[in-house]
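Geometric and topological summary
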Amino acid sequence: MAKQKIVIKVTMPNAKSRARAMVLAAKASGVGSIGITGDLKDRLEVVGEGVDVACLVHCLRKKLCCHAEIVQVEEVKDKKPAEEEKKVEEPKPCPCPGTCRCAVGYCHAPLPMVLCEDPPAGSCRVM
């Protein structure tokens, strides 16, 4: 299952009701993190995997005796691809022996020579 972010609008008039809502949400299975958001601090933001949203809203309505409705449910994407895009490829060191006179990014190293003592039928090839 993928992580999902759930935003639930809950009637929470004071700090005590906010704390109770957070405790109830924390008890739900699959919840990873909880937060109170919104200008009026009336939204409960829950992030987790495999959270039963309908059951969570039902429990909030029943235990808090308040109005609760689902505002948003979205999948949370990992930040790893964004970090990988930001990485810039570092130039690789030049394989030239001794002092390198190659331009940055362009190496004109000589191809390795292959010496054949007993050439097979045909000529010797450099690879």
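Residues numbered from 1 in each chain as written. Predicted model: local features only at pLDDT ≥ 70, side-chain atom pairs only at ≥ 80, totals over all residues. Heavy atoms only, no water.

- Per an unreviewed UniProt entry, the recorded name for the protein chain is HMA domain-containing protein, and the organism is Panicum miliaceum.

**Examining the pattern of salt bridges**
- For the coordinates displayed, the defined rule picks out 2 salt bridges.
- Measuring nitrogen to oxygen at the nearest pair gives 3.9 Å for the salt bridge that ties R43 to D42.
- Exposure remark for D42: the relative accessible area of 13% places this residue in the buried category. (Salt bridge = Lys/Arg side-chain N within 4 Å of Asp/Glu carboxyl O. Buried < 20%, exposed > 50% of the residue type's maximum accessible area, 1.4 Å probe, protein only.)

**Here we look at the nonpolar core**
- Counting 16 residues, the largest nonpolar core has I8, V10, L44, L56, L60, L64 and A68 as its most contacted members.
- Elements supplying a minimum of two residues to this core: β1 (3-10), α1 (15-27), β3 (43-49) and α2 (53-64).
- Broken down by element, this core gets its largest block of residues, 5 residues, from α2.
- When neighbours within four sequence positions are excluded, I8 is seen to be in contact with D42, R43, L44, L56, V57, L60, A68, E69 and V71. (Core = buried A, V, L, I, M, F, W, Y, C linked by side-chain atoms within 4.5 Å. Helix = DSSP H or I, 4+ residues; strand = E, 2+ residues; numbered from the N terminus. Contact = heavy atoms within 4.5 Å.)

**Quick look at the side chain of Q4**
- In this fold, Q4 is placed in strand β1.
- In this structure, Q4 is in contact with V46, V47, G48, G50, V51, V73, E74, E75 and V76, ignoring residues within four places of it in sequence.

**Considering the side chain of D42**
- You can see D42 is positioned in the loop between β2 (31-37) and β3.
- In contact with D42, other than residues within four places in its own chain, are I8, K9, V10, M12 and T37.

**Some remarks on the environment of G48**
- Structurally, G48 can be placed in strand β3.
- Taking the C-alpha atoms as reference points, G48 and I34, 14 residues apart in sequence, are found 8.9 Å from one another.

**Considering unusual backbone geometry**
- Despite not being glycine, K41 has its phi angle at roughly 50°, a positive value.
- Summarising the element assignment, K41 is placed in the loop between β2 and β3.
- Positive phi, normally seen in glycine, also occurs at C65, with a value near 50°.
- You can see C65 is positioned in the loop between α2 and β4 (68-75).

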